[in-house]
Amino acid sequence: MTQTPSSTGLSGVAQAARVERGLPPVHLWNPAHCGDIDIVIRADGVWMHEGSPIGRTELVRLFSTVLRKDPDGYHLVTPVEKLRITVDDLPFRAVAVRAADGALTFTTDVGDRTTAGPEFPIVVETAPETGAPAPRVRVRADLWARIARPVFYELVERAELRDGRLVVSSGGADFDLGAVEAGA
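Here's what I pulled together on the structure shown here. The structure presented is a predicted model; accordingly, all values stated were derived computationally and were not measured.

1. Let's talk about the sheet that holds strand 11 (residues 133-140)
Strand-to-strand pairing in sheets goes through backbone hydrogen bonds, with the strands running parallel or antiparallel. Strand order in the open sheet formed by 6 strands is 9-8-7-12-11-10, with mixed pairing between adjacent strands. In the strand order of this sheet, the two ends are held by strand 9 (113-115) and strand 10 (122-126), each with one partner. Between one strand axis and the next, the sheet turns by 40° as a mean value, whatever way the strands run. Bridging between strand 8 (residues 103-108) and strand 9 involves 3 bridges; their strand directions are antiparallel. Its bridge partner lying in strand 9, phenylalanine 106 is registered against threonine 114.

2. Things to note about the pairing of strand 1 (residues 33-41)
As paired strands, strand 1 and strand 6 (residues 82-87) are joined by 5 bridges and run parallel to one another. Counterpart to glycine 35 in the pairing with strand 6 is leucine 83. Between strand 1 and strand 2 (residues 47-49), which pair antiparallel in sequence order, lie 5 residues; one of them, glycine 45, sits at a positive phi of approximately 90°.

3. Some details on the pattern of salt bridges
Using the criterion set out here, one finds 13 salt bridges in the structure. Between arginine 136 and glutamate 125 there is a salt bridge, with its nearest N and O atoms 3.2 Å apart. With a gap of 11 residues between them, arginine 136 in strand 11 and glutamate 125 in strand 10 connect regions that are remote in the sequence. Take arginine 136: its relative accessible area is 17%, and that puts it in the buried class. Owing to a relative accessible area of 41%, glutamate 125 belongs among the partly exposed residues under this scheme.

4. Quick look at unusual backbone geometry
At glutamate 50, a position not held by glycine, the phi torsion is positive, near 50°. Here glutamate 50 shows up in the loop between strand 2 and strand 3 (52-53). For glutamate 50, a relative accessible area of 58% gives the class exposed. In this structure, alanine 141 takes a positive phi of about 45° despite not being glycine. Looking at where alanine 141 falls in the secondary structure, it is placed in the loop between strand 11 and strand 12 (143-147).

Criteria and thresholds
- Residues numbered from 1 in each chain as written.
- Predicted model: local features only at pLDDT ≥ 70, side-chain atom pairs only at ≥ 80, totals over all residues.
- Heavy atoms only, no water.
- Pairing = 2+ DSSP bridges.
- Helix = DSSP H or I, 4+ residues; strand = E, 2+ residues; numbered from the N terminus.
- Axes fitted to C-alpha atoms, helices over the stretch in contact; angles between N-to-C directions.
- Salt bridge = Lys/Arg side-chain N within 4 Å of Asp/Glu carboxyl O.
- Buried < 20%, exposed > 50% of the residue type's maximum accessible area, 1.4 Å probe, protein only.

Following this line, the structure appears as structure tokens:
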């Protein structure tokens, strides 16, 4: 049964996100679960509320700073509320990559930056429904960004061929992008 959060649920989330610049310490907050809220992050990265896109990028950014993944799903967390949301794929999209000083730094659709390395790996799986590569990079804690197709193509262009596989390096770690197909 879905509970309806208080009418202050969204404003409480926004207030918690404003508490400090940067990221709030959501990992330290353990409020009781107070219900589900009709927020969906679609597979294309669009944040929806009650069936309509959230048009204010600033509001999406605020919500993204209080997002946490727990064993029972994704939640917007404040010191006093924990509201479950729906995420169709991954919560973020890596929409740009910059190479400098032996590191690859990704920028997400909500403005986060993450530099790939041992703690923030690039992982390439195969989408079961299409067989296409499904690359992702860890952004923070257990929150990941789907690497956008043009960004993945940039990684492929930067990759070295090693034993029939494409590999990129960042932050002292190597990341396998996949096998090179014969005749490609």
